Amino acid sequence: MAPRRDLPLAIASLHPFYEFPITTPRDVYTRWNTRLGWLYNREFAVAPTIQWARLREVGLVDRMSQYLTKIFLGDGFQFTCKGWFNLFNIQERVYKELCVDFFSTVTFHDNVRDPTCPRALIFRLGGEYRECSLVEFSRRTGLYEAHETITHEFILFLRDATWVYADGVSGPEFWSNIATRVFNSGVSPESSIKSPILLIHRLITFSIHHKRHGDKVTKSNLFFLWCVLQPGVCCNIPYFLARYLADYAKSAHLGSPICGGHFVTRLAQSYGLLVPDITRSLTCIEGNEFSMGYLETMRVVKNYGTHWGIVRDDDDENEEEEPDDQPEPQPRQRRRNVRGRGERG
């Protein structure tokens, strides 16, 4: 047998999570080490921390809530889907070593339509081989509550949830109903989307289709927007999140950052890996705060001097929508990415 390559071995010596078992099949071992080699020095794009309490104070949560809870009507049952709301609420610290371990090894069998297939998603995390079905993935990430995922109705829901546009629906046609410009994938600015749909698009770009820059609308984002906004449409969020993590979050393009790290942290938490003996050896990377000032630059809210208010999108004029209780405006906060060992006190 030919000797192992020097570069992956040099990286493997930097942390135990990078040491893949020598008993791993050679083709799998080679693929993992190849990924390890080009992922190790990548930058991270960390999703901003969203202050949901502030969004609630100005009325944005109420404006969006009608879209974030769905009712799925099955054969003889109904299921209340809060997947979008739960997805957007996943906010975790990001750890470099956990992410490199996970993204070097993750594989998703996206042709598997059975949500109970135990090997739909396979990966290493915390130095151990893992595998899980979409049902288990839903529970471990917190997309759905544990008591929901153990029901037969949940399995039927995932099996029949939406994968594609409905017959007769096209992305550009849907876009014309929510935006002010002609759609051009990857080029159309999100600023042409009406508020508060614009904010929902940004939440999508922070989560299920996170990229370094989230101000352009892609075909995938447009499909997810349709799923969120269209009454009666329940997207198969676990499927698309698993596919995103396996195929897109770790783009092979030179210079592309690693995204989706907060989902890896949520998985690690579910496996009991976030204990002091482990976290003190990890590099913690933090993101910025999604502040009111950030929302103001998106023209979703406006600082009216004495309070923040929602900017209403109108063909003739932009007027504020004032909440019943108007919070005092706060200065925009800035935080730097932190790369340091262990937990911060």
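Residues numbered from 1 in each chain as written. Predicted model: local features only at pLDDT ≥ 70, side-chain atom pairs only at ≥ 80, totals over all residues. Heavy atoms only, no water.

1. Observations regarding the overall build of the protein
Here is step 1 of the chain: What the protein contains, in helices and strands, is 16 helices and 13 strands.
Here is step 2 of the chain: Evaluated residue by residue, the protein yields a buried proportion of 52% over its 345 residues.
Here is step 3 of the chain: Summing over all exposed atoms, the protein offers an accessible surface of approximately 16700 Å²; the carbon and sulfur share of this is 48%. (Helix = DSSP H or I, 4+ residues; strand = E, 2+ residues; numbered from the N terminus. Buried < 20%, exposed > 50% of the residue type's maximum accessible area, 1.4 Å probe, protein only. Areas by Shrake-Rupley, 256 points an atom, 1.4 Å probe, with all protein chains shown as cover.)

2. Topic: the nonpolar core
Here is step 1 of the chain: Judged by nonpolar contacts, the single largest core of 111 residues is most densely connected at Trp84, Phe103, Leu125, Phe157 and Leu295.
Here is step 2 of the chain: The contact partners of Trp84, leaving out residues within four places of it in the chain, are Leu68, Ile208, Phe224, Cys227, Val228, Cys235 and Ile237. (Core = buried A, V, L, I, M, F, W, Y, C linked by side-chain atoms within 4.5 Å. Contact = heavy atoms within 4.5 Å.)

3. A few points about the pattern of salt bridges
Here is step 1 of the chain: One pass over the structure, following the stated rule, counts nine salt bridges.
Here is step 2 of the chain: In this structure, Glu57 and Arg54 form a salt bridge, with 2.7 Å as the shortest nitrogen-oxygen distance. Note that Glu57 and Arg54 are positioned in helix α3 (residues 52-57) at a spacing of three residues, about one turn of the helix.
Here is step 3 of the chain: A relative accessible area of 18% means that Arg54 is categorised as buried.
Here is step 4 of the chain: The shortest N-O distance in the salt bridge between Asp101 and Arg124 comes to 3.5 Å. Pair noted here: Asp101 is in helix α6 (residues 96-105) and Arg124 is in strand β6 (residues 121-125), with a separation of 23 residues, a long-range link.
Here is step 5 of the chain: Classification of Asp101 by relative accessible area gives buried; the value is 0%. (Salt bridge = Lys/Arg side-chain N within 4 Å of Asp/Glu carboxyl O.)

4. Examining the environment of Gly255
Here is step 1 of the chain: By secondary structure assignment, the location of Gly255 is in the loop between α13 (237-247) and α14 (261-270).
Here is step 2 of the chain: Distance from Gly255 to Arg42, taken between C-alpha atoms, is 7.1 Å for residues 213 residues apart in sequence.

5. What to know about helix α4 (residues 60-68)
Here is step 1 of the chain: Every buried residue belonging to α4 is among Leu60, Val61, Met64, Tyr67 and Leu68, and all of these are buried. Along the long axis of α4, the arc covered by the buried residues comes to 115°, so they all point the same way. Turned more than 90 degrees from where α4 packs its buried face, Asp62 and Gln66 sit exposed. (Arc of directions from axis to C-beta.)

6. A look at the confidence of the model for the protein
Here is step 1 of the chain: The predicted model of the protein has a mean per-residue pLDDT of 85, with 85% of residues at 70 or higher.
Here is step 2 of the chain: Averaged pLDDT values over the elements of the protein bottom out at 41 in strand β13 (residues 339-341) and peak at 98 in helix α7 (residues 134-141).
Here is step 3 of the chain: Across residues 1-6, confidence stays below pLDDT 50; counting only partners more than four residues off in sequence or on other chains, it has six contacts.
Here is step 4 of the chain: With pLDDT under 50 throughout, residues 315-345 is counted as low confidence; its partners more than four residues away or in other chains account for 81 contacts. (pLDDT = per-residue confidence, 0-100.)

7. Focus: the pairing of strand β2 (residues 70-73)
Here is step 1 of the chain: Burial along β2 is one-sided: the residues Lys70 and Phe72 are buried and none of Ile71 and Leu73 is.
Here is step 2 of the chain: Relative to strand β3 (residues 78-81), β2 is paired through four bridges, and the arrangement is antiparallel. Bridged to Ile71 within β3 is Thr80.
Here is step 3 of the chain: Hairpin connection of β2 to β3: four residues between the antiparallel strands, including Gly76 at a positive phi of 85°. (Pairing = 2+ DSSP bridges.)

8. With respect to the packing of α7 against α13
Here is step 1 of the chain: Interhelical geometry of α7 versus α13 gives an angle of 85° and a closest axis separation of 10 Å. What the angle tells us is that α7 and α13 run roughly perpendicular. Residues Leu134, Phe137 and Ser138 of α7 form the contact with α13, whose own contacting residues are Pro238, Tyr239, Leu241, Ala242 and Leu245.
Here is step 2 of the chain: When its residues are assigned to classes, the contact of α7 with α13 shows seven nonpolar, one polar and no charged. (Axes fitted to C-alpha atoms, helices over the stretch in contact; angles between N-to-C directions. Parallel < 35°, antiparallel > 145°, perpendicular 65-115°, else oblique. Nonpolar A, V, L, I, M, F, W, Y, C, P; charged D, E, K, R; others polar.)

9. Section: α14
Here is step 1 of the chain: The buried count for α14 comes to eight of 10 residues, which makes it a mostly enclosed element.
Here is step 2 of the chain: Looking at the buried positions of α14, the neighbouring elements they touch are α5 (83-88), β4 (94-95), α6, β6, α7 and α13.
Here is step 3 of the chain: Two residues or fewer after α14 comes Gly272, characterised by a positive phi angle close to 75°.

10. Thoughts on the packing of aromatic side chains
The description of an aromatic ring pair uses the distance of the two centres, along with the angle that the planes make with each other.
Here is step 1 of the chain: Within this structure, the stated rule accounts for 28 aromatic pairs.
Here is step 2 of the chain: Between the aromatic rings of Phe72 and Phe77, the centroid separation amounts to 6.1 Å while the plane-to-plane angle is 45°, which identifies the pairing as tilted.
Here is step 3 of the chain: Judged by its relative accessible area of 10%, Phe72 falls in the buried class.
Here is step 4 of the chain: Judged by its relative accessible area of 15%, Phe77 is buried. (Phe/Tyr/Trp six-rings, centres within 6.5 Å; stacked < 30°, edge-to-face > 60°.)

11. Describing the sheet that holds strand β5 (residues 107-108)
Within a beta sheet, neighbouring strands are joined by backbone hydrogen bonds and run either parallel or antiparallel to one another.
Here is step 1 of the chain: The antiparallel open sheet is built from three strands, whose spatial order is β5-β6-β7. Across the chains shown, the open sheet's two edge strands, defined by having one partner strand only, are β5 and β7 (128-132).
Here is step 2 of the chain: Bridge count for β5 against β6 is two bridges, and the pairing is antiparallel. Residue pairing across strands places Phe108 opposite Leu121, the latter belonging to β6.
Here is step 3 of the chain: Against the sheet, α7 makes contact with β5, β6 and β7, and its axis sits at roughly 110° relative to β7, the strand it touches most.

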